[in-house]
Amino acid sequence: MKRNNVKDYFPKNYQESRAEFTSMTKQIQAPCETGNWNIASKTSDDLSVDYAWLPPLKTPEKLLVLITGIHGSETYTGAAVLKLFIEEILPQTNRDDLGIFIVHAMNPFGFKNHRRCTENNVNLNRNFSVSGNMFNLKNSESIRLNELFLSREPVSTEKSKLAKSFHMKDQKAFFGDVSLDHLTKAVSAGQFEKEEDLEYGGQKLEPQTKALIDKMKELIPQFQDVVALDIHTGLGDRGRLHLLTDSDKRSLNPDLFSSIFKPAEDNEFYVFTSADTEGFYEVHGSTNSMYSELVKGSQRVCAVTLEFGTLGHSFEQQMEDMNVSTLDHQGHLYGYANEKLKQKILAANFQRSYPDDDKWRTQVLTAAEGFLTRVLSRFLNV
């Protein structure tokens, strides 16, 4: 579909986005239940995770879950995709045996303040554990690497302590004596001990994580097949939609996946990127991992991350991504030497989540429309 002004799909801020989501969901054909989970904050009194639940019109067989804003600053794109889905795709969708649960802005603090993490510095995509056992995991290597490469003082330069330690050895990237591959896999997996360190997953469920898990416990037992889509931006080639999955087969049923997702046939809209692809990584406590703990018996689940690439996937772009994100994290905790440096780093970091580029916005909407239309059509006919 040709769109005259793609910016109209993307909100200007958290307040506008929440108001529009509330307005759109009120227009959905009944039955439709709307609600919200209020999130307590030391700095704001208006933080809320809003949702809409559309039960099947007849027999419950299939459940579609759409989640946005796990990483707060990425909600600009998630909100645009929800607008596209609710206004253009949903009215044409047969809801007889399909239930749909839609979540807007899982991390409202991060959305409002352009942060990936919650106010507690928790990365929600490392916070999901139905049993709670995950919080007992120890990632001593992540703790060690944070001590080596994360500066504990105000940011005073555009080059992080991590970036300053970078060098090439035998045509491979190293930081000190630590390889890029080892650093990425150790730190990105998440850790559950130190709030001030990178990729902190918390020591217990965040309020919105618990609320979503409780809602899924209520809904999932009613359905045979579940497709869960978690919308993100960042990793991957700029403007390209990458589908990412966990390696756990309980959250990715191969038969259901092959019936619904056709990467070769749908290549113009998306590419399937396995967890072991270079530059990507496995994590503890991802949103997708929740489903493997909830499904029982013959139930089938496909939990997929929709990752709209922003900066690109070249080596140079990966290095800059790591540098900027590390500086942003350091600055959030320990401050900046001056306001000019602060604004420059904050702006660069925000571009990782939401590029100010209409061509990119158009690519996102085109890919989202093609993906959702094809996948939903196949899901309804499984």
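Bear in mind that the values here come from a model prediction, so they are computed numbers and not experimental data. One numbering rule holds for all chains: residues counted from 1, following each sequence as written. Where totals are concerned, whole chains, interfaces and linings use all residues; where local detail is concerned, this predicted model gives features only for residues with pLDDT of at least 70, and gives and counts side-chain atom pairs only at 80 or more. Side-chain measures here rest on the full set of heavy atoms in the structure, leaving out hydrogens and waters.

## Thoughts on unusual backbone geometry
At step 1: For the bond from Ala30 to Pro31, the omega torsion is 5°, close enough to zero to count as cis.
At step 2: In this structure, Asp170 is a non-glycine residue whose phi angle is positive, near 50°.
At step 3: The cut-offs for exposure are 20% and 50% of the maximum accessible area for each residue type, with area from a 1.4 Å probe on protein chains only; residues under the lower value are buried, those over the upper are exposed, and the others partly exposed. A residue is classified by how much of its surface remains accessible, and Asp170, at 68% relative accessible area, is exposed.

## Regarding the nonpolar core
At step 1: Formed by 84 residues in total, the largest nonpolar core has its most connected members in Phe85 and Phe261.
At step 2: Whether two residues touch is decided by their heavy atoms; if any such pair falls within 4.5 Å, the residues are in contact. Aside from chain neighbours lying at most four places away, what touches Phe85 is Leu64, Leu66, Leu90, Pro91, Ile100, Ile102, Leu372 and Leu376.
At step 3: What makes a nonpolar core is a set of buried Ala, Val, Leu, Ile, Met, Phe, Trp, Tyr and Cys residues whose side-chain atoms join them at distances within 4.5 Å. Counting residues in hydrophobic clusters, the runner-up holds 12 residues, among them Ala173, Phe175, Ala186 and Met322.

## Comments concerning the pairing of strand β5 (residues 166-169)
At step 1: Bridge analysis of β5 against strand β6 (residues 172-175) gives four bridges, and the strand direction is antiparallel. Counted as the bridge partner of Phe166 is Phe175 from β6.
At step 2: Linking two consecutive strands that pair antiparallel, namely β5 and β6, is a turn of two residues; a positive phi of about 50° is found at Asp170 within it. Any two strands with at least two DSSP-identified bridges between them are counted as paired. Each helix is a run of DSSP H or I of at least 4 residues and each strand a run of E of at least 2, with the numbering of both proceeding from the N terminus.

## Remarks on helix α10 (residues 315-334)
At step 1: Between its first and last C-alpha atoms α10 spans 28 Å; for 20 residues at 1.5 Å apiece the expected length is 28 Å, and the two agree.
At step 2: Of all the residues in α10, the buried ones are Met319, Met322, Asn323, Val324, Thr326, Leu327, Asp328, His329, Gln330 and Gly331.
At step 3: Structurally, α10 contributes buried residues whose contacts are with α5 (161-164), β5, β6, α6 (180-188) and α11 (339-353).
At step 4: Gly335 sits one or two positions beyond α10 and adopts a positive phi of about 90°. Here a helix's expected span is defined as the number of its residues, less one, multiplied by 1.5 Å.

## Here's the deal with the sheet that holds strand β1 (residues 33-38)
At step 1: With mixed pairing, eight strands are arranged side by side in an open sheet as β1-β2-β4-β3-β8-β11-β9-β10. Strands with a single pairing partner mark the edges of an open sheet, and in this sheet they are β1 and β10 (271-273). When the angles between neighbouring strand axes are averaged without regard to direction, this sheet yields 20°.
At step 2: As judged from the 10 bridges shared by strand β8 (residues 225-234) and strand β11 (residues 300-309), these two strands associate in the parallel manner. In this analysis an axis means a line fitted to C-alpha atoms, helices contributing only their contacting stretch, and an angle means the value between N-to-C directions, from 0 to 180 degrees.

## Some remarks on the side chain of Arg115
At step 1: As for its placement among the helices and strands, Arg115 is situated in the loop between α3 (108-113) and α4 (140-149).
At step 2: A relative accessible area of 8% places Arg115 in the buried class.
At step 3: A polar contact of 2.6 Å, which involves the side chain of Arg115, links it to the side chain of Asp328.
At step 4: Among residues more than four places away in sequence, those in contact with Arg115 are His71, Gly72, Ser73, Asn107, Phe109, Gly110, Asn121, Asp328 and His332. Here a polar contact is taken to be a pair of N or O atoms separated by no more than 3.5 Å, where protein atoms must pair a possible hydrogen donor with a possible acceptor and residues adjacent in sequence count only if both atoms sit in side chains.

## Digging into the packing of aromatic side chains
At step 1: Classification of ring pairs rests on two measures: the distance between centres of Phe, Tyr or Trp rings, Trp counted by its six-membered ring, which must be within 6.5 Å, and the angle between planes, read as stacked under 30 degrees, edge-to-face over 60 and tilted in between. Counted according to the given criterion, the structure contains 18 aromatic pairs.
At step 2: Ring centres of Tyr14 and Phe111 lie 5.7 Å apart, and the angle between their planes is 80°; this geometry places the pair in the edge-to-face category. Taken together, the residues span a long stretch of sequence, with Tyr14 in helix α1 (residues 14-26) and Phe111 in helix α3 at a distance of 97 residues.
At step 3: Residue classification places Phe111 among the buried positions, given a relative accessible area of 0%.
At step 4: Among the aromatic residues, those joined into a ring-pair cluster are Phe10, Tyr14, Tyr76, Phe111, Phe350, Tyr354 and Trp360.

## A few points about the layout of surface pockets
At step 1: Within this scheme a cavity is a closed region of a 1 Å grid, computed over the protein atoms alone, that accommodates a 1.4 Å probe without allowing it to escape, whereas a pocket is open but has protein on both sides within 12 Å along at least five of seven lines; lining residues each have an atom within 4 Å of a point. Grid points are joined across faces, edges and corners, and a volume is the space filled by probe spheres set on the points. In this structure, the second largest pocket encloses a volume near 200 Å³.
At step 2: Lining the second largest pocket are 15 residues, with Ile39, Ala40, Glu119, Asn120 and Glu206 sitting closest to its centre.
At step 3: Of all elements in the fold, only α3 and α7 (207-219) reach the threshold of two or more residues within the lining of the second largest pocket.
At step 4: Note on residue classes: Ala, Val, Leu, Ile, Met, Phe, Trp, Tyr, Cys and Pro are nonpolar, Asp, Glu, Lys and Arg are charged, and everything else, Gly too, is polar. The residue makeup of the lining of the second largest pocket, split by class, is six nonpolar, six polar and three charged.

## Some points on the sheet that holds β5
At step 1: The antiparallel open sheet is built from three strands, whose spatial order is β5-β6-β7. What marks the edges here is a single partner per strand, and that holds for β5 and β7 (178-179).
At step 2: Relative to β7, β6 is paired through two bridges, and the arrangement is antiparallel. Note that in β7 the partner of Phe174 across the bridge is Ser179.

## Here's the deal with the packing of helix α2 (residues 75-89) against helix α12 (residues 358-380)
At step 1: Between α2 and α12, whose axes approach to 10 Å, the crossing angle comes to 50°. The pairing of α2 with α12 is recorded here as oblique in orientation. Judged by the sense of rotation from one axis to the other, the crossing of α2 with α12 is right-handed. On α12, the residues that touch Thr77, Ala80, Val81, Leu84, Phe85, Glu88 and Ile89 of α2 are Trp360, Val364, Leu365, Ala368, Glu369, Leu372, Thr373 and Leu376.
At step 2: The class makeup of the residues in the contact of α2 with α12 is 11 nonpolar, two polar and two charged. Any angle that is under 35 degrees is reported as roughly parallel, and any over 145 degrees as roughly antiparallel; angles of 65 to 115 degrees are reported as roughly perpendicular and all others as oblique. Each crossing gets its hand from how the near helix is turned against the far one by less than a right angle, where anticlockwise is left-handed and clockwise is right-handed.

## Digging into empty space enclosed by the protein
At step 1: This structure, assessed with the given rule, holds two cavities of 30 Å³ or more.
At step 2: Quantified by volume, the largest cavity comes out at close to 50 Å³.
At step 3: Residue assignment for the lining of the largest cavity shows that the elements contributing at least two residues are α1 and α2.
At step 4: Of the residues forming the lining of the largest cavity, the biggest block, four residues, is contributed by α1.

## Description of the pattern of salt bridges
Two side chains with opposite charge may pair up if their charged atoms get near one another.
At step 1: Any carboxyl oxygen of Asp or Glu within 4 Å of a side-chain nitrogen of Lys or Arg constitutes a salt bridge here. Taken as a whole and judged by the stated rule, the model has 29 salt bridges.
At step 2: Taking the shortest distance from any N to any O, the salt bridge between Arg18 and Asp50 comes out at 2.9 Å. Of the two residues, Arg18 is situated in helix α1 and Asp50 in strand β2 (residues 48-54); the sequence distance between them amounts to 32 residues.
At step 3: Judged by relative accessible area, which is 24%, Arg18 ranks as partly exposed.
At step 4: Two residues, Lys83 and Glu20, come together in a salt bridge whose shortest N-O distance is 2.9 Å. Of this pair, Lys83 sits in helix α2 while Glu20 sits in helix α1, and the two are 63 residues apart along the sequence.
At step 5: Overall, the relative accessible area of 11% leaves Lys83 in the buried class.

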